[in-house]
Amino acid sequence: MFEKLDYLRDKSNKLPMRPGVYQMKDRNGKIIYIGKAKLLKNRVTSYFHAVEAHNAKTYKLVSQIYDFDFIVTDTELDALVLEASLIKLHSPKYNILLKDDKGFSYFRLTGGDYPRIKHSFRNDDPASAYIGPYMSAFTVKQAVEECNRIFMLPTCNKEFPRDFGKERPCLNYHIKRCMGVCRGCISKEEYGETIKQAVDFLKNGSKESVERLTEEMNEAAEALEFEKAAKLRDRIAAIERASKVQSIRSERDISCDVLALSHNSGLTAAAVVKYRKGQLIDKENYFIGDEYESEIMRTEFLMRYYENGREIPKLILLDGDTEDNGLLSEYFRETAGHKVELLVPKRGENLVLTTLAKSNADEYLALRVGRTSREITALQDLQKLLGLKKIPMLIESYDISNMGEQTRVAGMITYKNGRPYKAGYRRFNIKDVVGIDDYGCMQEVLRRRFTHYLEGDEHFSECPDLILLDGGKGHVAAVREVFDELGIDVPLFGLVKDDKHRTRAVATDGGEIQVNANKNLFKMLTEIQDEVHRYSINYQRKKHKMTQYELDLTKVKGIGEKKALALLKEFKTKQGIKAATVEQLMETAKISRETAEELQLFVREAF
């Protein structure tokens, strides 16, 4: 690993200070990454200096680079165009190569006398009829749900006519979401006519469907078929309501694509939500893989996303900046033949749209990494609130618990990816601090913890992304002195409780940051503070019981504190000592048979 680092550093230092494209190659000469640069020398040399400081993906990439080539261009825009062309040609391993979770989608009309309308990714059932294919699974699923609701079609697992009258109608019938075919009162002909109207709705859209249904309603009314006319009237009203629901809550006739990224566990996913003429028409999810600089990820993603002839709208909303929004706008203008604006909204309705896209990305990534979107969002919000450089995937929290000078302990808990990580829990006995001194105890515990880390102790080998102390700004200031002494650079904050012992704020050296306005973040921080308190106080209580046992055992002549402690370490509990043989007591405490027999008699009578 990194065996050619000196060669690569030397070669990169000789590159020109001009725009261009670089191609990273592995030991077999295969291109594994292609990038563009405004200044080739500055960009390429950055890979081979301070390697240990790189994010996980870049570190992995650099470890496999054995050589590189470059192409000089006249402008950065030329470099961007060339980069896109070369990536499409070579499909390098470490560039974003978009693979979404979608294949073709179909409307499926099942067979039988009472067919159902469903969404399907396949079209291989000879007994079914299919409409499609369509690229957007999202749109097809949404249309199927609306169609079944509007035409009150059954969505249960019953088979008709086999299951006529066998059970009571389900809730959907009672809330007018199903016509109640299971009652046996809907004829095959009447159901077939409804299905025909539903298929027409799917094929031709709501406007034409409403026009046809209106004609049928008027014909039924003229023929004095008032019951049929009323049903058609209700169906038309349902279609019109659904059309209104589809529109975004905006008076603007907005057409745009919205991109948002989500990060968790060192991985990244993206969501693109598409609006046309004020309607949400599609949503696409992409799992990108290893996380790295967000600005670069957005740039690469957009270049890949629009490279295969996809429609480029005049407005693209982003949840954060790219490497150069202006340069990408110019590139897309050349590609699309019209002006394209890249916008990072800070307020208003556009911000609502990016927030929705972000929620979709969070939910999708949560499924991939086994985390809830609440946990992902809370960690991202914590990063923003505290101004951290990265999402705190590994959090340590500390609490001091004491019952007089005799029983003073500390608990350390670890949260990994937003959840308790029990393998990272540690307990400390206070050894050096005299008297009741919370600040001093916290200093002792953190000094010991990071001394172990600096010495390479495997039990303290990981360095946290964030430390939360159970206490206010005084605790933070006290521990900051220890960090300055040891040269530790880890974000440090306190957790402050209110009069009802609920988490109220996050403490810094100079003040407090309120958190109760953010529900997800408030809940996570409360869980952390409650958990570290539970863990430390349980240890304190256990330690106090052990101290009482020791005092009880010293009542036996010949048993001092050290021998009592040795017995408790070996047998753990009173019952363990009570069950021990005379020989086991003699061996453990290094006492005579006479003392062991007296001890055995004492524990059996006293306990």
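Engineer: What am I meant to see in the packing of helix α4 (residues 76–90) against helix α10 (residues 325–336) here?
Structural biologist: Helix-helix packing is characterised by the crossing angle of the two axes and by the distance between the axes. The geometry of α4 relative to α10 is characterised by a closest axis approach of 10 Å and an angle of 65 degrees between their N-to-C directions. Considering the relative orientation of α4 and α10, their crossing is right-handed. Along the contact surface, α4 presents Glu-76, Leu-77, Leu-80, Val-81 and Ala-84, while α10 presents Leu-327, Leu-328, Glu-330 and Tyr-331. Here the contact of α4 with α10 is composed, by residue class, of seven nonpolar, no polar and two charged.

Engineer: Mind showing me how you'd approach unusual backbone geometry here?
Structural biologist: Backbone phi values are negative for most residues with the exception of glycine, while trans is the configuration of most peptide bonds. In this structure, Pro-161 follows Phe-160 across a cis peptide bond, with omega equal to 10 degrees. Residue Ala-50 is not a glycine yet carries a positive backbone phi of 50 degrees. Mapped onto the secondary structure, Ala-50 falls in the loop between α2 (40–45) and α3 (56–63). Within the chain, Ser-91 stands out as a residue other than glycine whose phi angle is a positive 45 degrees. You can see Ser-91 is positioned in the loop between α4 and β4 (105–109). Looking at Ser-91, the relative accessible area reads 43%, which means it is partly exposed.

Engineer: Just checking my understanding: could you explain the pattern of salt bridges for this structure?
Structural biologist: Pairs can form between side chains of opposite charge whenever their charged atoms are close. According to the stated counting rule, one finds 27 salt bridges in the structure shown. The partner of Asp-10 in a salt bridge is Lys-14, with the nearest N and O atoms 3.3 Å apart. A relative accessible area of 42% places Asp-10 in the partly exposed class. Residue class for Lys-14 comes out exposed when judged on its relative accessible area of 64%. One continuous salt-bridge network, built from bridges that share partners, spans Glu-159, Arg-162, Asp-163 and Lys-166.

Engineer: Would you mind going over the packing of aromatic side chains with me for this structure?
Structural biologist: The geometry of two aromatic rings is summed up by the distance between their centres and the angle between their planes. For the structure shown, the criterion picks out 19 aromatic pairs. Relative to Phe-301, the ring of Tyr-286 has its centre 5.5 Å away and its plane inclined at 75 degrees; by these criteria the two rings are edge-to-face. Here Tyr-286 is found in strand β9 (residues 279–290), whereas its partner Phe-301 is found in helix α9 (residues 294–305), with 15 residues between them in sequence. Residue class for Phe-301 comes out buried when judged on its relative accessible area of 0%. Within the aromatic cluster, the residues linked to one another by ring pairs are Tyr-286, Phe-301, Tyr-305, Tyr-306, Tyr-331 and Phe-332. When the ring centre of Tyr-421 is taken as reference, the NZ or CZ atom of Lys-416 above it lies at 4.4 Å.

Engineer: Mind showing me how you'd approach the sheet that holds strand β7 (residues 256–264) here?
Structural biologist: The strands that make up a sheet pair up through hydrogen bonds in the backbone, lying either parallel or antiparallel. As summarised here, the arrangement of the five strands in space is β9-β8-β7-β10-β11, forming an open sheet in which the pairing is mixed. Looking at which strands have only one partner, the edges of the open sheet turn out to be β9 and β11 (341–343). Adjacent strand axes in the sheet meet at a mean angle of 20 degrees when their direction is disregarded. Note: strand β8 (residues 267–276) against β9, ten bridges, orientation antiparallel. In the sheet register, Ala-271 faces β9, and the bridge partner there is Asn-285.

Engineer: Help me understand the packing of helix α13 (residues 438–454) against helix α14 (residues 473–486) in this model?
Structural biologist: One can describe the packing of α13 onto α14 by two numbers: an axis separation of 9 Å at closest approach and a directional angle of 35 degrees. You can see that α13 and α14 cross each other, and the crossing is right-handed. Side by side, α13 and α14 meet where Asp-438, Tyr-439, Met-442, Gln-443, Leu-446, Arg-447, Phe-450, Thr-451 and Leu-454 of the first sit next to Gly-474, His-475, Ala-478, Val-479, Glu-481, Val-482, Phe-483, Glu-485 and Leu-486 of the second. The residue inventory of the contact of α13 with α14, partitioned by class, reads ten nonpolar, four polar and four charged.

Engineer: Just to check I follow, could you spell out the sheet that holds strand β2 (residues 31–37) for this structure?
Structural biologist: What the three strands build is an open sheet, ordered β2-β1-β3; its pairing is antiparallel. Edge positions in the open sheet fall to β2 and β3 (67–72), since each of these has one partner strand only. Within this sheet the neighbouring strands show an average axis-to-axis angle of 20 degrees, counted without direction. As paired elements, strand β1 (residues 20–25) and β3 share six bridges and run antiparallel to each other.

Engineer: So what exactly am I meant to see when it comes to helix α16 (residues 561–571) here?
Structural biologist: Residues lying three or four places apart along an α-helix face the same way, a consequence of the helix completing one turn every 3.6 residues. Burial in α16 covers these residues: Ala-564, Leu-567, Leu-568 and Phe-571. Projected down its long axis, α16 carries its buried residues within an arc of 95 degrees, all on one side. Within α16, the exposed residues directed more than 90 degrees away from the buried face are Lys-562 and Lys-569.

Engineer: Looking at this structure, how should I read the pairing of β1?
Structural biologist: The side chains of a regular strand alternate between the sheet's two faces. β1 sits mainly inside the fold: six of its six residues count as buried. Covered by surrounding structure in β1 are Gly-20, Tyr-22 and Met-24 together with Val-21, Gln-23 and Lys-25, the residues of both alternating faces. Across six bridges, β1 lies against β2 in antiparallel orientation. Counterpart to Met-24 in the pairing with β2 is Tyr-33. Hairpin connection from β1 to β2: five residues lie between these consecutive antiparallel strands, with Gly-29 at a positive phi of about 80 degrees.

Engineer: Sorry, what's going on with the nonpolar core here?
Structural biologist: Where a protein is soluble and globular, its nonpolar side chains tend to be buried together. Ranked by internal contacts, the top residues of the largest apolar core, which has 28 residues, are Leu-259, Phe-301, Leu-302, Ile-316, Phe-332 and Leu-342. Where this core is concerned, the elements lending two or more residues are α4, β7, β8, β9, α9, β10 (315–318) and α10. Counting residues per element, this core draws most heavily on α9, at six residues. Ignoring any residue separated from it by four or fewer positions in sequence, one finds Ile-316 in contact with Asp-257, Leu-302, Tyr-306, Phe-332, Val-340, Glu-341, Leu-342 and Leu-343. Core analysis: the next-biggest nonpolar cluster, separate from the first, contains 23 residues, Leu-386, Met-393, Leu-495 and Val-515 among them.

Engineer: Explain the environment of Ile-559 to me, please; I cannot follow it from the model alone.
Structural biologist: Within the secondary structure, Ile-559 is located in the loop between α15 (519–553) and α16. The exposure class of Ile-559 is buried, given its relative accessible area of 4%. Along the sequence, Ile-559 and Ile-281 sit 278 residues apart, while their C-alpha atoms lie 81 Å from each other. Setting aside anything within four residues of it in sequence, one finds Ile-559 in contact with Leu-553, Thr-554, Ala-564, Ile-591, Thr-595 and Leu-599.

Engineer: In this structure, what is going on with the side chain of Asp-26? I would like to understand it.
Structural biologist: Locating Asp-26 in the fold gives a position in the loop between β1 and β2. With no salt bridge to any partner, buried Asp-26 finds its closest opposite charge in Lys-30, at an N-O distance of 6.2 Å. Apart from the residues within four sequence positions on either side, Asp-26 is in contact with Ile-32, Gln-64 and Tyr-66.

Engineer: Would you take a moment to explain a negative patch on the surface for this structure?
Structural biologist: On the surface, a cluster of negative charge is contributed by Glu-293, Glu-295, Asp-321, Glu-323 and Asp-324. Along the chain, the position of Glu-293 falls in the loop between β9 and α9.

Engineer: Before we go on, may I ask you to explain helix α18 (residues 582–589) in this structure?
Structural biologist: Listed as buried for α18 are Val-582, Leu-585 and Ala-589. Around the axis of α18, the buried residues are gathered within 65 degrees of arc, so they sit on the same side. Immediately beyond the C-terminal end of α18, within one or two residues, lies Lys-590, with a positive phi of roughly 55 degrees.

Parameters and conventions
- Residues numbered from 1 in each chain as written.
- Predicted model: local features only at pLDDT ≥ 70, side-chain atom pairs only at ≥ 80, totals over all residues.
- Heavy atoms only, no water.
- Axes fitted to C-alpha atoms, helices over the stretch in contact; angles between N-to-C directions.
- Helix = DSSP H or I, 4+ residues; strand = E, 2+ residues; numbered from the N terminus.
- Left-handed = near helix turned anticlockwise from the far one by under 90°.
- Contact = heavy atoms within 4.5 Å.
- Nonpolar A, V, L, I, M, F, W, Y, C, P; charged D, E, K, R; others polar.
- Buried < 20%, exposed > 50% of the residue type's maximum accessible area, 1.4 Å probe, protein only.
- Salt bridge = Lys/Arg side-chain N within 4 Å of Asp/Glu carboxyl O.
- Phe/Tyr/Trp six-rings, centres within 6.5 Å; stacked < 30°, edge-to-face > 60°.
- Lys NZ or Arg CZ within 6 Å of the ring centre and 35° of its normal.
- Pairing = 2+ DSSP bridges.
- Arc of directions from axis to C-beta.
- Core = buried A, V, L, I, M, F, W, Y, C linked by side-chain atoms within 4.5 Å.
- Lys, Arg positive; Asp, Glu negative; His and termini not counted.
- Patch = residues over 30% accessible without salt bridge, like charges linked within 9 Å, V, L, I, M, F, W, Y side chains within 5 Å.
- Areas by Shrake-Rupley, 256 points an atom, 1.4 Å probe, with all protein chains shown as cover.
- Charge placed at Lys NZ, Arg CZ, Asp CG, Glu CD.

Distances and angles like these do not, on their own, reveal function.
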